[in-house]
Amino acid sequence: MLENYLLKGLVIGVVFGVPAGVVGILSIQRVLTQGAFAGFLTGIGSSAADIFYACVGVFGLTFISDILLKHQSTICMVGCLMVVAIGVRTIKKKESHSFASAAENNKEEHPGHIFSCFLSSFVIAITNPATILSFMVVFSMFRIGGNESVGENVQLICGIFAGTCIWWLAIAVIVSLYRKKVTDDVYFILNRIFGALMILFGIVIGVRGCLNG
């Protein structure tokens with residue numbers, strides 16, 4: 001029985017965890033500039049936030065979900081400002097901070113900076129309380145109604161986390177294969193595209209927060 005919940009979680013993680021939005025862009029950008037591990041950790045930060053919301057839904061922690069959904073507008077605005085700031089900083093990166101320079105500097109990457117890859121994406125993902133509602137819909141589709149045992153819930157959560165990790169690992173590996181083929185000029189253009197997209201997503205997050213407020 002437990003194996004069934006592990007499989008359900010894996011399927012939910014693979015389907016629900018499709019890399020998209022701000023974190024997907026940020027992960028790709030960091031694979032190009034800092035390497036596959038930094039990009040993968042960026043994705044894992046988002047997965048950790050998803051797991052937090054999945055736990056709230058699975059274990060029926062309504063007091064947490066009520067607080068988060070009640071203050072959804074404010075939380076979304078924090079996410080909006082953070083994403084827009086990252087987008088602006090990405091666009092403003094000078095040509096001297098080229099791909100070649102970034103790749104060279106990455107050789108001496110320190111743990112604190114690597115952790116920031118995880119933390120930044122976690123904060124971005126955690127500022128979307130509506131994720132709780134999305135999980136609730138997905139759980140109902142898989143006939144997960146809240147009557148499961150602790151062991152089954154733990155298996156489900158582990159499966160979801162593993163499923164999302166599959167996507168981020170795939171993104172890190174695939175993008176890293178083309179990393180050395182990216183020239184400084186292409187990197188310069190990509191930085192502006194990534195930055196503009198992040199600003200756009202940030203604005204969308206802010207508008208969504210206002211509408212939900």
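What you see is a predicted model, and the numbers here were worked out from it, not measured in a lab.

1. Topic: the overall build of the protein chain
Turning to step 1, where the next piece is worked out: Summing up its helical and strand segments, the protein chain has 10 helices and 0 strands in all.
Turning to step 2, where the next piece is worked out: Helices and strands in the protein chain line up, N terminus first, as α-α-α-α-α-α-α-α-α-α.
Turning to step 3, where the next piece is worked out: A buried classification covers 41% of the 213 residues belonging to the protein chain.
Turning to step 4, where the next piece is worked out: Residue pairs in contact within the protein chain that sit at least 24 positions apart in sequence constitute 91% of those at least 6 positions apart.
Turning to step 5, where the next piece is worked out: Just so you have it, the protein chain exposes about 11000 Å², and 70% of that area is on carbon and sulfur atoms.

2. A look at the packing of helix α2 (residues 21-34) against helix α9 (residues 150-177)
Turning to step 1, where the next piece is worked out: It is the contact of α2 with α9, at a shortest axis distance of 9 Å, that shows an interaxial angle of 40 degrees. Taken together, the axes of α2 and α9 lie oblique to each other. Crossing of α2 over α9 shows right-handed handedness. Only W168, I171, A172, V175 and S176 of α9 make contact with α2, whose side of the interface consists of V23, G24, S27, I28, V31 and L32.
Turning to step 2, where the next piece is worked out: Its residues assigned to classes, the contact of α2 with α9 shows 8 nonpolar, 3 polar and no charged.

3. Digging into the packing of aromatic side chains
Turning to step 1, where the next piece is worked out: Using the criterion set out here, one finds 4 aromatic pairs in the structure.
Turning to step 2, where the next piece is worked out: With 6.2 Å between their ring centres and 10 degrees between their planes, F118 and F122 make a pair best called stacked. Of this pair, F118 and F122 both sit in helix α7 (residues 111-126), 4 residues apart, which is roughly one turn of the helix.
Turning to step 3, where the next piece is worked out: Residue F122 is classed as partly exposed on the basis of its relative accessible area of 25%.
Turning to step 4, where the next piece is worked out: Among the aromatic residues, those joined into a ring-pair cluster are F115, F118 and F122.
Turning to step 5, where the next piece is worked out: The side chain of K8 reaches across the aromatic face of Y5, ending 4.9 Å from its centre.
Turning to step 6, where the next piece is worked out: Directly above the ring of F188 sits R192, whose terminal nitrogen or CZ lies 3.6 Å from the centroid.

4. Quick word on the side chain of R30
Turning to step 1, where the next piece is worked out: Mapped onto the secondary structure, R30 falls in helix α2.
Turning to step 2, where the next piece is worked out: Judged by its relative accessible area of 8%, R30 falls in the buried class.
Turning to step 3, where the next piece is worked out: Residues in contact with R30, not counting those within four places in the same chain, are G35, A38, G39, T42, S116, C117 and S120.

5. With respect to the UniProt feature "transmembrane region" (unreviewed entry) in the protein chain
Turning to step 1, where the next piece is worked out: As recorded in UniProt, the feature "transmembrane region" (unreviewed entry) lies at residues 6-28, 40-65, 71-91, 112-142, 154-177 and 189-207.
Turning to step 2, where the next piece is worked out: With 100% helix and 0% strand, residues 154-177 has its two end C-alpha atoms placed 35 Å apart.
Turning to step 3, where the next piece is worked out: Helix makes up 100% of residues 189-207 and strand 0%. Its end C-alpha atoms lie 27 Å apart.

6. Some words on the confidence of the model for the protein chain
Turning to step 1, where the next piece is worked out: Looking at the protein chain, pLDDT values average 80 and 86% of them are 70 or higher.
Turning to step 2, where the next piece is worked out: Per-element mean pLDDT across the protein chain ranges from 50 in helix α6 (residues 99-105) up to 90 in α9.

7. Describing the nonpolar core
Turning to step 1, where the next piece is worked out: Counting residues in hydrophobic clusters, the biggest one holds 19 residues, and the most contacted among them are V22, V83, I124, M198 and I205.
Turning to step 2, where the next piece is worked out: Breaking this core down by element, the ones donating at least two residues are α2, α5 (72-91), α9 and α10 (184-212).
Turning to step 3, where the next piece is worked out: With 6 residues, the top contributor of residues to this core is α2.
Turning to step 4, where the next piece is worked out: Apart from residues no more than four positions distant in its own chain, M198 is found in contact with V22, I25, L26, V83, I86, G87 and T90.
Turning to step 5, where the next piece is worked out: Ranked by size, the runner-up nonpolar core spans 17 residues in total, among them Y53, V56, L156 and I160.

Parameters at a glance
- Residues numbered from 1 in each chain as written.
- Predicted model: local features only at pLDDT ≥ 70, side-chain atom pairs only at ≥ 80, totals over all residues.
- Heavy atoms only, no water.
- Helix = DSSP H or I, 4+ residues; strand = E, 2+ residues; numbered from the N terminus.
- Buried < 20%, exposed > 50% of the residue type's maximum accessible area, 1.4 Å probe, protein only.
- Contact = heavy atoms within 4.5 Å.
- Areas by Shrake-Rupley, 256 points an atom, 1.4 Å probe, with all protein chains shown as cover.
- Axes fitted to C-alpha atoms, helices over the stretch in contact; angles between N-to-C directions.
- Parallel < 35°, antiparallel > 145°, perpendicular 65-115°, else oblique.
- Left-handed = near helix turned anticlockwise from the far one by under 90°.
- Nonpolar A, V, L, I, M, F, W, Y, C, P; charged D, E, K, R; others polar.
- Phe/Tyr/Trp six-rings, centres within 6.5 Å; stacked < 30°, edge-to-face > 60°.
- Lys NZ or Arg CZ within 6 Å of the ring centre and 35° of its normal.
- UniProt positions renumbered as here; feature names shortened; annotations may be inferred.
- pLDDT = per-residue confidence, 0-100.
- Core = buried A, V, L, I, M, F, W, Y, C linked by side-chain atoms within 4.5 Å.

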